[in-house]
Amino acid sequence: MLILIASGYEQLSEWAARIVAKAIRNKPNLVLGLAAGSTPLGTYRELVRLYKEGAVDFRDVVTFNLDEYLGLPATHPQSYHHFMKTALFDHINIKPANIHIPDGSIEANLEAYCASYERAIQEAGGLDLQILGIGRHAHIGFNEPGSSLRSRTRIKTLTEQTREDNRRFFAPGERAPEAAITVGVATIMEASRILLLASGEHKANAIAKAIEGPVSASASASALQLHADVTVVVDEDAARELQEKDYYRRVAEMTARLTPERLW
Ligand code: GLP
(Lines give C-alpha, C1' and ligand atoms only; values in the text may rest on other atoms or scores of the structure.)
Protein backbone atom coordinates (compact mmCIF):
# COMPACT_ATOMS: atom_id res chain seq x y z
CA MET A 1 0.00 0.00 0.00
CA LEU A 2 1.16 3.46 -0.81
CA ILE A 3 -0.22 5.82 1.82
CA LEU A 4 -0.31 9.52 1.01
CA ILE A 5 -1.19 11.90 3.84
CA ALA A 6 -2.58 15.18 2.56
CA SER A 7 -2.79 18.35 4.62
CA GLY A 8 -6.56 18.52 4.24
CA TYR A 9 -9.56 17.69 2.08
CA GLU A 10 -8.62 20.08 -0.73
CA GLN A 11 -5.18 18.57 -1.21
CA LEU A 12 -6.58 15.04 -0.91
CA SER A 13 -9.10 15.80 -3.67
CA GLU A 14 -6.43 17.34 -5.88
CA TRP A 15 -4.09 14.35 -5.49
CA ALA A 16 -6.85 11.81 -6.08
CA ALA A 17 -8.04 13.62 -9.23
CA ARG A 18 -4.47 13.74 -10.52
CA ILE A 19 -4.15 9.97 -10.08
CA VAL A 20 -7.43 9.35 -11.93
CA ALA A 21 -6.64 11.85 -14.72
CA LYS A 22 -3.24 10.29 -15.31
CA ALA A 23 -4.78 6.81 -15.49
CA ILE A 24 -7.22 8.09 -18.15
CA ARG A 25 -4.42 9.75 -20.13
CA ASN A 26 -2.48 6.47 -20.05
CA LYS A 27 -5.55 4.47 -21.09
CA PRO A 28 -8.29 6.61 -22.70
CA ASN A 29 -10.80 3.72 -22.53
CA LEU A 30 -10.15 3.15 -18.84
CA VAL A 31 -12.72 1.06 -16.97
CA LEU A 32 -13.23 3.16 -13.86
CA GLY A 33 -14.99 2.04 -10.69
CA LEU A 34 -16.74 4.92 -8.92
CA ALA A 35 -17.98 5.48 -5.40
CA ALA A 36 -20.74 7.79 -4.20
CA GLY A 37 -20.70 9.54 -0.82
CA SER A 38 -19.32 12.85 0.36
CA THR A 39 -15.64 11.81 0.31
CA PRO A 40 -15.08 11.64 -3.49
CA LEU A 41 -17.10 14.83 -4.15
CA GLY A 42 -13.98 17.01 -4.16
CA THR A 43 -12.20 14.55 -6.45
CA TYR A 44 -15.09 14.69 -8.91
CA ARG A 45 -15.18 18.49 -8.74
CA GLU A 46 -11.44 18.55 -9.48
CA LEU A 47 -11.85 16.09 -12.38
CA VAL A 48 -14.54 18.35 -13.85
CA ARG A 49 -12.12 21.25 -13.60
CA LEU A 50 -9.36 19.25 -15.33
CA TYR A 51 -11.84 18.25 -18.04
CA LYS A 52 -12.82 21.88 -18.63
CA GLU A 53 -9.14 22.78 -18.90
CA GLY A 54 -8.69 20.07 -21.53
CA ALA A 55 -6.39 18.05 -19.29
CA VAL A 56 -8.57 14.92 -19.33
CA ASP A 57 -11.04 13.45 -21.82
CA PHE A 58 -13.84 11.06 -20.75
CA ARG A 59 -15.05 10.21 -24.28
CA ASP A 60 -13.98 6.57 -24.12
CA VAL A 61 -14.02 6.04 -20.37
CA VAL A 62 -16.36 3.32 -19.08
CA THR A 63 -17.65 3.56 -15.49
CA PHE A 64 -19.19 1.14 -13.01
CA ASN A 65 -20.54 2.44 -9.72
CA LEU A 66 -20.08 0.37 -6.60
CA ASP A 67 -23.55 0.45 -5.18
CA GLU A 68 -27.08 1.83 -5.05
CA TYR A 69 -29.85 1.89 -2.47
CA LEU A 70 -32.53 -0.71 -3.03
CA GLY A 71 -35.98 0.79 -3.46
CA LEU A 72 -34.88 4.19 -4.73
CA PRO A 73 -35.62 5.11 -8.33
CA ALA A 74 -32.80 6.78 -10.29
CA THR A 75 -34.62 10.10 -10.04
CA HIS A 76 -34.74 10.13 -6.21
CA PRO A 77 -32.52 12.99 -4.98
CA GLN A 78 -30.73 10.62 -2.55
CA SER A 79 -30.12 7.90 -5.12
CA TYR A 80 -26.52 7.34 -6.12
CA HIS A 81 -27.73 7.73 -9.73
CA HIS A 82 -28.77 11.29 -8.99
CA PHE A 83 -25.60 11.92 -6.98
CA MET A 84 -23.31 10.80 -9.81
CA LYS A 85 -25.24 12.77 -12.39
CA THR A 86 -24.99 16.04 -10.50
CA ALA A 87 -21.47 15.50 -9.10
CA LEU A 88 -19.79 14.29 -12.29
CA PHE A 89 -21.63 12.95 -15.32
CA ASP A 90 -23.57 16.13 -16.19
CA HIS A 91 -20.31 18.08 -16.45
CA ILE A 92 -18.06 15.81 -18.55
CA ASN A 93 -18.16 14.22 -22.01
CA ILE A 94 -18.76 10.62 -20.91
CA LYS A 95 -21.10 8.64 -23.18
CA PRO A 96 -24.33 7.71 -21.35
CA ALA A 97 -24.00 4.16 -22.72
CA ASN A 98 -20.66 3.83 -20.92
CA ILE A 99 -22.15 4.61 -17.49
CA HIS A 100 -23.21 1.70 -15.26
CA ILE A 101 -24.87 2.05 -11.86
CA PRO A 102 -26.84 -0.74 -10.17
CA ASP A 103 -30.58 -0.22 -10.65
CA GLY A 104 -32.12 0.28 -7.22
CA SER A 105 -35.67 0.19 -8.58
CA ILE A 106 -35.71 -3.47 -9.58
CA GLU A 107 -38.21 -5.58 -7.66
CA ALA A 108 -37.92 -9.06 -9.16
CA ASN A 109 -35.13 -11.44 -10.13
CA LEU A 110 -32.67 -9.62 -7.90
CA GLU A 111 -30.05 -12.35 -7.97
CA ALA A 112 -30.13 -12.56 -11.76
CA TYR A 113 -29.83 -8.79 -11.94
CA CYS A 114 -26.79 -8.77 -9.62
CA ALA A 115 -25.16 -11.55 -11.66
CA SER A 116 -25.70 -9.52 -14.84
CA TYR A 117 -24.02 -6.46 -13.26
CA GLU A 118 -21.06 -8.60 -12.31
CA ARG A 119 -20.94 -10.02 -15.86
CA ALA A 120 -21.02 -6.54 -17.40
CA ILE A 121 -17.87 -5.64 -15.46
CA GLN A 122 -16.12 -8.78 -16.72
CA GLU A 123 -17.29 -8.13 -20.30
CA ALA A 124 -15.86 -4.61 -20.15
CA GLY A 125 -12.51 -6.24 -19.39
CA GLY A 126 -12.59 -5.78 -15.61
CA LEU A 127 -11.96 -2.64 -13.58
CA ASP A 128 -8.70 -0.82 -14.28
CA LEU A 129 -9.01 1.60 -11.38
CA GLN A 130 -11.48 1.51 -8.49
CA ILE A 131 -12.13 4.63 -6.40
CA LEU A 132 -13.32 3.83 -2.85
CA GLY A 133 -14.53 5.72 0.17
CA ILE A 134 -14.78 4.00 3.53
CA GLY A 135 -17.69 3.56 5.92
CA ARG A 136 -17.43 4.23 9.61
CA HIS A 137 -16.89 0.56 10.49
CA ALA A 138 -14.38 0.18 7.68
CA HIS A 139 -16.62 -1.13 4.95
CA ILE A 140 -16.14 -0.58 1.22
CA GLY A 141 -19.14 -0.29 -1.08
CA PHE A 142 -21.96 -1.57 1.11
CA ASN A 143 -19.95 -4.60 2.18
CA GLU A 144 -21.07 -4.39 5.77
CA PRO A 145 -19.67 -6.56 8.60
CA GLY A 146 -19.88 -10.25 7.77
CA SER A 147 -19.39 -9.67 4.05
CA SER A 148 -17.42 -12.56 2.64
CA LEU A 149 -14.08 -11.47 1.30
CA ARG A 150 -15.01 -13.53 -1.76
CA SER A 151 -18.39 -11.85 -2.20
CA ARG A 152 -19.78 -10.70 -5.56
CA THR A 153 -22.49 -8.22 -6.53
CA ARG A 154 -25.51 -8.88 -4.34
CA ILE A 155 -28.10 -7.39 -2.01
CA LYS A 156 -26.84 -6.35 1.43
CA THR A 157 -28.92 -5.35 4.43
CA LEU A 158 -27.59 -2.07 5.84
CA THR A 159 -26.46 -1.83 9.44
CA GLU A 160 -28.15 0.66 11.75
CA GLN A 161 -24.86 2.63 11.81
CA THR A 162 -24.83 3.00 8.03
CA ARG A 163 -28.53 3.91 7.98
CA GLU A 164 -27.88 6.45 10.71
CA ASP A 165 -24.89 7.93 8.86
CA ASN A 166 -27.06 8.44 5.80
CA ARG A 167 -30.27 9.50 7.50
CA ARG A 168 -29.22 13.15 7.39
CA PHE A 169 -29.61 13.12 3.62
CA PHE A 170 -33.24 12.03 3.74
CA ALA A 171 -36.23 14.27 4.39
CA PRO A 172 -37.64 14.20 7.95
CA GLY A 173 -40.10 11.35 8.18
CA GLU A 174 -38.75 9.68 5.05
CA ARG A 175 -37.56 6.11 5.59
CA ALA A 176 -33.83 5.69 4.94
CA PRO A 177 -33.27 2.57 2.79
CA GLU A 178 -32.72 -0.71 4.59
CA ALA A 179 -30.82 -2.51 1.85
CA ALA A 180 -28.60 -1.88 -1.13
CA ILE A 181 -27.15 -3.54 -4.18
CA THR A 182 -23.38 -3.58 -3.86
CA VAL A 183 -20.52 -5.07 -5.79
CA GLY A 184 -18.67 -7.60 -3.68
CA VAL A 185 -15.29 -7.56 -2.00
CA ALA A 186 -13.93 -10.00 -4.59
CA THR A 187 -15.22 -7.78 -7.39
CA ILE A 188 -13.34 -4.82 -5.91
CA MET A 189 -10.23 -6.90 -5.29
CA GLU A 190 -10.04 -7.83 -8.98
CA ALA A 191 -9.55 -4.19 -9.99
CA SER A 192 -6.03 -3.66 -11.31
CA ARG A 193 -5.53 -0.64 -9.10
CA ILE A 194 -7.42 0.74 -6.11
CA LEU A 195 -7.60 4.28 -4.79
CA LEU A 196 -9.00 4.52 -1.24
CA LEU A 197 -9.96 7.97 0.04
CA ALA A 198 -10.82 9.13 3.56
CA SER A 199 -11.15 12.52 5.16
CA GLY A 200 -11.94 13.63 8.70
CA GLU A 201 -11.47 12.41 12.24
CA HIS A 202 -14.64 10.32 12.10
CA LYS A 203 -12.84 8.06 9.59
CA ALA A 204 -9.60 7.70 11.60
CA ASN A 205 -10.61 4.44 13.29
CA ALA A 206 -11.87 2.90 10.05
CA ILE A 207 -8.62 3.82 8.27
CA ALA A 208 -6.53 2.29 11.07
CA LYS A 209 -8.59 -0.91 10.85
CA ALA A 210 -8.29 -1.01 7.06
CA ILE A 211 -4.53 -0.45 6.92
CA GLU A 212 -3.18 -1.85 10.18
CA GLY A 213 -5.91 -4.08 11.56
CA PRO A 214 -6.31 -7.80 10.98
CA VAL A 215 -7.83 -8.85 7.65
CA SER A 216 -11.41 -9.53 8.56
CA ALA A 217 -14.88 -9.79 7.08
CA SER A 218 -15.95 -7.49 9.92
CA ALA A 219 -14.04 -4.66 8.24
CA SER A 220 -14.18 -5.31 4.50
CA ALA A 221 -11.67 -2.52 3.74
CA SER A 222 -9.00 -4.62 5.49
CA ALA A 223 -9.14 -7.01 2.51
CA LEU A 224 -7.25 -4.32 0.60
CA GLN A 225 -4.12 -5.44 2.46
CA LEU A 226 -4.19 -8.46 0.13
CA HIS A 227 -4.22 -6.29 -3.01
CA ALA A 228 -0.90 -5.51 -4.69
CA ASP A 229 -1.66 -2.00 -5.97
CA VAL A 230 -3.55 0.17 -3.49
CA THR A 231 -3.00 3.89 -3.07
CA VAL A 232 -4.59 5.36 0.05
CA VAL A 233 -5.07 9.12 0.13
CA VAL A 234 -6.10 10.42 3.54
CA ASP A 235 -5.94 13.77 5.23
CA GLU A 236 -4.21 14.41 8.56
CA ASP A 237 -7.42 13.89 10.54
CA ALA A 238 -8.21 10.53 8.95
CA ALA A 239 -4.57 9.45 9.46
CA ARG A 240 -4.67 10.25 13.18
CA GLU A 241 -4.93 6.66 14.48
CA LEU A 242 -2.29 5.15 12.19
CA GLN A 243 0.57 3.71 14.27
CA GLU A 244 3.13 3.93 11.49
CA LYS A 245 2.16 7.35 10.16
CA ASP A 246 5.72 8.73 10.18
CA TYR A 247 7.03 5.73 8.33
CA TYR A 248 4.29 6.05 5.66
CA ARG A 249 5.32 9.66 5.14
CA ARG A 250 8.93 8.59 4.58
CA VAL A 251 7.82 5.91 2.13
CA ALA A 252 5.82 8.52 0.20
CA GLU A 253 8.82 10.88 0.09
CA MET A 254 11.10 8.08 -1.08
CA THR A 255 8.57 7.00 -3.70
CA ALA A 256 8.37 10.57 -5.02
CA ARG A 257 12.15 10.59 -5.30
CA LEU A 258 12.83 7.12 -6.69
CA THR A 259 9.70 6.07 -8.58
CA PRO A 260 7.60 9.23 -9.07
CA GLU A 261 5.57 7.49 -11.80
CA ARG A 262 3.90 5.50 -9.01
CA LEU A 263 2.30 8.69 -7.69
CA TRP A 264 0.67 10.48 -10.64
C1 GLP B 1 -21.58 4.34 2.16
C2 GLP B 1 -21.18 3.97 0.74
C3 GLP B 1 -19.68 3.86 0.63
C4 GLP B 1 -19.04 5.11 1.14
C5 GLP B 1 -19.41 5.33 2.60
C6 GLP B 1 -18.80 6.59 3.18
O7 GLP B 1 -21.54 3.25 3.00
N8 GLP B 1 -21.77 2.74 0.31
O9 GLP B 1 -19.32 3.61 -0.74
O10 GLP B 1 -17.64 5.04 0.99
O11 GLP B 1 -20.81 5.41 2.72
O12 GLP B 1 -19.49 7.71 2.73
P13 GLP B 1 -18.96 9.18 2.90
O14 GLP B 1 -17.90 9.37 1.87
O15 GLP B 1 -20.16 10.05 2.64
O16 GLP B 1 -18.44 9.31 4.27
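The rules behind the values
Residues numbered from 1 in each chain as written. Predicted model: local features only at pLDDT ≥ 70, side-chain atom pairs only at ≥ 80, totals over all residues. Heavy atoms only, no water. Helix = DSSP H or I, 4+ residues; strand = E, 2+ residues; numbered from the N terminus. Contact = heavy atoms within 4.5 Å. Phe/Tyr/Trp six-rings, centres within 6.5 Å; stacked < 30°, edge-to-face > 60°. Buried < 20%, exposed > 50% of the residue type's maximum accessible area, 1.4 Å probe, protein only. Core = buried A, V, L, I, M, F, W, Y, C linked by side-chain atoms within 4.5 Å.

## Let's talk about the environment of Ala138
Part 1 of the argument: Tracing the backbone through its elements, the reader meets Ala138 in the loop between strand 6 (129-132) and strand 7 (154-157).
Part 2 of the argument: With 84 residues separating them in the primary sequence, Ala138 and Ser222 have C-alpha atoms 7.5 Å apart.
Part 3 of the argument: Among all residues touching Ala138, those that are not within four sequence positions of it are Ala206, Lys209, Ala219, Ser220 and Ala221.

## Details of the packing of aromatic side chains
Part 1 of the argument: All chains considered together, the criterion is met by 8 aromatic pairs.
Part 2 of the argument: Relative to Trp264, the ring of Trp15 lies with its centre 5.6 Å away and its plane at 40°, an arrangement referred to as tilted. Of this pair, Trp15 sits in helix 1 (residues 9-26) while Trp264 sits in the segment after helix 8 (245-258), and the two are 249 residues apart along the sequence.
Part 3 of the argument: When its relative accessible area of 27% is taken as the criterion, Trp264 is described as partly exposed.
Part 4 of the argument: Ring plane angle 80° and centroid distance 5.8 Å describe the contact between Phe64 and Tyr117, whose orientation is recorded as edge-to-face.

## Points about the nonpolar core
Generally speaking, a soluble globular protein has its nonpolar side chains buried in company with each other.
Part 1 of the argument: With 46 residues, the main nonpolar core has Tyr44, Leu47, Leu88 and Leu195 as its most contacted residues.
Part 2 of the argument: Taken together, the elements giving at least two residues each to this core come down to strand 1 (2-6), helix 1, strand 2 (31-34), helix 2 (41-52), helix 3 (80-87), strand 6 and strand 9 (193-198).
Part 3 of the argument: Looking at this core, the element that brings in the most residues is helix 1, giving 9 residues.
Part 4 of the argument: Contacts of Tyr44, omitting those with residues within four sequence positions, involve Leu34, Ala35, Phe83, Met84, Ala87, Leu88 and Ile131.

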